[in-house]
Amino acid sequence: MPPLVSVVVTAYNHGRYIQETLRSVFAQTYSNFEVIVVDDGSTDDTATKLREFHDRILYVHQENQGVAGSRNTGVQ
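Below or above, wherever it landed, is the structure these notes cover. (Residues numbered from 1 in each chain as written. Predicted model: local features only at pLDDT ≥ 70, side-chain atom pairs only at ≥ 80, totals over all residues. Heavy atoms only, no water.)

Another aspect to go through is unusual backbone geometry. Unusually for a residue other than glycine, asparagine 13 sits at a positive phi of about 55°. Along the chain, asparagine 13 falls in the loop between strand E1 (5-11) and helix H1 (18-26). For asparagine 13, a relative accessible area of 27% translates into the label partly exposed. (Helix = DSSP H or I, 4+ residues; strand = E, 2+ residues; numbered from the N terminus. Buried < 20%, exposed > 50% of the residue type's maximum accessible area, 1.4 Å probe, protein only.)

Where H1 is concerned, the buried positions are Ile18, Gln19, Leu22 and Val25. Along the long axis of H1, the arc covered by the buried residues comes to 120°, so they all point the same way. (Arc of directions from axis to C-beta.)

Another point: the packing of aromatic side chains. Inspection of every chain in the model, using the stated rule, returns two aromatic pairs. Relative to phenylalanine 33, the ring of phenylalanine 26 has its centre 5.9 Å away and its plane inclined at 35°; by these criteria the two rings are tilted. Judged by centre distance (6.1 Å) and plane angle (10°), the rings of phenylalanine 26 and phenylalanine 53 are stacked. Note that phenylalanine 26 is positioned in helix H1 and phenylalanine 53 in the loop between helix H2 (46-50) and strand E3 (58-61), a separation of 27 residues in sequence. Classification of phenylalanine 26 as partly exposed rests on a relative accessible area of 22%. Note that arginine 56 overlies the ring of phenylalanine 26, its terminal NZ or CZ placed 4.3 Å from the centroid. (Phe/Tyr/Trp six-rings, centres within 6.5 Å; stacked < 30°, edge-to-face > 60°. Lys NZ or Arg CZ within 6 Å of the ring centre and 35° of its normal.)

Before going further, it helps to spend a moment on the side chain of asparagine 32. One can find asparagine 32 in the loop between H1 and strand E2 (33-39). Exposure remark for asparagine 32: the relative accessible area of 17% places this residue in the buried category. A distance of 2.6 Å separates the side chain of asparagine 32 from the backbone oxygen of proline 2, its partner in a polar contact. (Polar contact = N/O pair within 3.5 Å; in protein donor to acceptor, adjacent residues only side chain to side chain.)

Okay, structure coming up:
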């Protein structure tokens, strides 16, 4: 079996783009991956847009920590 790849997607007020982003990830030909979405304190509809993917992602919501902080959370 090929190695598991973790795809970390960070989002801050990216409701407009998050569904397209995740559809692109799930369209890849490599199949042994997990998707971790870190919502970095979004105040828009990002969380609502993610509901469509609830059974295929690990969703983490945190207070805004910036890009580096949300990446670190995803890697942990």
